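So the chains spell out like this:
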Amino acid sequence: MSNYEYLKGFYEGRRVLVTGHTGFIGAWLCKVLTMLGAEVVGYGLKPNEPSVYSKAGVAKDVTSVIGDIRDLSDLKSTFEIYRPEVIFHLAAQPIILDSYERPVYTYDVNVMGTVKLLECARLYSCVKSIVVVTTDKIYENLDREESFTEEDRLNGRDPYSNSKSCQELVAASFARSFLFDKGVAVSTMRIGNTIGGGDYGKNRIIPDCARAASKGIPVVLRNPDAIRIFQHVLEPVNACLMTGALTYGNLELCDSYNVGPTVGDYRTIKDIVDLFCEAWEKTSGRKTVYEVRPVKGPYESKAVRLNCDKIKEKLGIPHKWDLKKTVEMTAKWYYAQSIGEDLEDITISQINEYYDIGENRNGD
């Protein structure tokens, strides 16, 4: 049985709640879930346009509840009406630089939003499996040449990273205090930097590259020597889907998992941009260039490295696309947008390629 066939067998007809469904990763997750035949309910804020949620045709196949994750009453109403079995919690304030500007809001959304979601899971017996999405920034980072494992200390430095460290602790507390005793699976996904078509975020290197390349202007690098891991959005989407299915009824598999490429597949920001420029020229026939303009700003770590062996060894979930393939697929999506192609078609095509399924609109 293929990976896709297993997921379809599990999710088809199943009630799934995705918080943060209008965001970048949430929208791709919803798209795959609808292709799998799940009954998807999304809970989150109105999308900031442009968005992959709108452009890739996600909205038409999802029951969307526009609401604030901090609103416990509204969350309870959503659970009461839709009775979700599986929950993917992605709603968050996800930007490090924004967290310096709005620290209270960041903690309120990322910590108390998680508390209120898990309180609903405690109260409603329909819930059987929960995946909470956090980040690789949760670890205490002393800029050493080491890859973080899941056993390393949680102590994110900036308000965003620290709030996600707290989110991990909240999830663990609710799991041990309430949810495991009810047979509810709870796991957390510590996701490394994620790229792919439809990310329109500010101060993110690949969206910045795509905007500049589409306009024919240089890409500006503010921190070219920083070392980061990058993965295609379908990698964490697949990791979440597989974890939600595998842990359903199997609490011994519940854990915290790093999600990212193999150890050693790390590059500087400059290397990533070189790959994008190469992929853009290959796809479009047009060259794009970059220039370095160092900018003083809030603290950003020099390097983030993850050891992702546990998710492969314990759950059997591999990382599929290497960095070159990841950047090529991302450049293809943005180029398709720049020439006015159907973005739902390109999104489905990339999902089909990732899962090695036939080229059709439903993934059947």
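You'll find the structure just up there.
Residues numbered from 1 in each chain as written. Predicted model: local features only at pLDDT ≥ 70, side-chain atom pairs only at ≥ 80, totals over all residues. Heavy atoms only, no water.

Draft legend 1. Representation of the overall build of the protein in the model. Within the protein, the regular secondary structure consists of 13 helices and 13 strands. For 364 residues, the compact-globule estimate of 2.2 N^0.38 gives 21 Å, and the C-alpha radius of gyration of the protein, at 19 Å, lies within 12% of that figure. With respect to the three principal axes, the spread of C-alpha positions in the protein is 55 × 45 × 35 Å. Counting only contacts in the protein whose residues sit at least 6 apart along the sequence, the fraction spanning at least 24 positions is 80%. About 15100 Å² of surface is accessible on the protein, with carbon and sulfur atoms providing 49% of the total. (Helix = DSSP H or I, 4+ residues; strand = E, 2+ residues; numbered from the N terminus. Rg over C-alpha atoms; globule rule 2.2 N^0.38 Å. Contact = heavy atoms within 4.5 Å. Areas by Shrake-Rupley, 256 points an atom, 1.4 Å probe, with all protein chains shown as cover.)

Draft legend 2. How the structure looks around the pairing of strand β5 (residues 129–135). Of all the 7 residues making up β5, 7 are buried; the element is thus mostly covered by neighbouring parts of the structure. For strand β4 (residues 86–89) and β5, the ladder comprises 4 bridges, and the chain directions are parallel. Note that in β5 the partner of H89 across the bridge is V132. Both β5 and strand β6 (residues 185–191) contribute to a ladder of 7 bridges, which runs parallel. When the bridges of β6 are listed, V131 appears paired with S187. On the question of chirality, the crossover connecting β5 to the parallel β6 by way of helix α7 (residues 159–179) is right-handed. (Buried < 20%, exposed > 50% of the residue type's maximum accessible area, 1.4 Å probe, protein only. Pairing = 2+ DSSP bridges. Right-handed = clockwise from strand over helix to strand, strands pointing away.)

Draft legend 3. Examining the sheet that holds strand β1 (residues 15–19) more closely. As summarised here, the arrangement of the 7 strands in space is β3-β2-β1-β4-β5-β6-β11, forming an open sheet in which the pairing is parallel. Sheet topology places β3 (63–66) and β11 (256–259) at the edges, where each strand pairs with a single neighbour. Put simply, the sheet's adjacent strands are angled 20° from each other on average, direction ignored. Where β1 meets strand β2 (residues 39–44), 5 bridges bridge the pair, whose relative direction is parallel. Looking across to β2, one finds that T19 is bridged to Y43. (Axes fitted to C-alpha atoms, helices over the stretch in contact; angles between N-to-C directions.)

Draft legend 4. Representation of the packing of helix α8 (residues 205–215) against helix α12 (residues 323–338) in the model. As a packed pair, α8 and α12 sit with axes 10 Å apart at the nearest point and diverge in direction by 40°. Classified by the angle between their axes, α8 and α12 sit oblique to one another. Of the two possible hands of crossing, α8 and α12 adopt the one that is right-handed. Seen from α8, the contacting residues are I206, P207, A210 and S214; seen from α12, they are T330, Y334 and S338. Residues of the contact of α8 with α12, tallied by class, amount to 4 nonpolar, 3 polar and no charged. (Parallel < 35°, antiparallel > 145°, perpendicular 65-115°, else oblique. Left-handed = near helix turned anticlockwise from the far one by under 90°. Nonpolar A, V, L, I, M, F, W, Y, C, P; charged D, E, K, R; others polar.)

Draft legend 5. Expanded view of empty space enclosed by the protein. Across all of its chains, the model carries 1 cavity of 30 Å³ or more by this definition. Computed from the structure, the largest cavity encloses a volume of approximately 90 Å³. In terms of lining, the largest cavity is formed by 14 residues, of which the most central are V259, G260, I317, P318 and H319. When residues of the lining of the largest cavity are traced back to their parent elements, those giving at least two are α9 (234–246), β11 and α11 (309–315). It is α9 that contributes the most residues to the lining of the largest cavity, 3 residues altogether. (1 Å grid on protein atoms, 1.4 Å probe; cavity = no way out; pocket = protein on both sides within 12 Å on 5 of 7 lines; lining within 4 Å. Points joined across faces, edges and corners; volume = space filled by probe spheres on them.)

Draft legend 6. How the structure looks around the pattern of salt bridges. Evaluation of the coordinates by the stated rule reveals 23 salt bridges. For E85, the salt bridge is made with R15, and the minimal N-O distance between the two is 3.8 Å. Taken as a pair, E85 in the loop between α4 (72–82) and β4 and R15 in strand β1 lie far apart in primary sequence, 70 residues in all. Residue classification places E85 among the buried residues on the basis of a relative accessible area of 13%. Where D68 meets R70, a salt bridge forms, and the shortest distance between an N and an O atom there is 2.7 Å. The class for D68 is partly exposed, based on a relative accessible area of 24%. A single salt-bridge network, built from bridges that share partners, covers K31, K60, D61 and E344. (Salt bridge = Lys/Arg side-chain N within 4 Å of Asp/Glu carboxyl O.)

Draft legend 7. A look at helix α1 (residues 3–11). Inspection of α1 places Y4, L7, K8, F10 and Y11 among the buried residues, and these make up the whole buried set. Take α1 and look down its axis: the buried residues cluster within an arc of 165°, on one side only. Looking at the packing, one finds that the buried side of α1 touches β1, α2 (24–36), β4, α9 and α13 (343–355). Just past α1, the residue G13 takes up positive phi, approximately 80°. (Arc of directions from axis to C-beta.)

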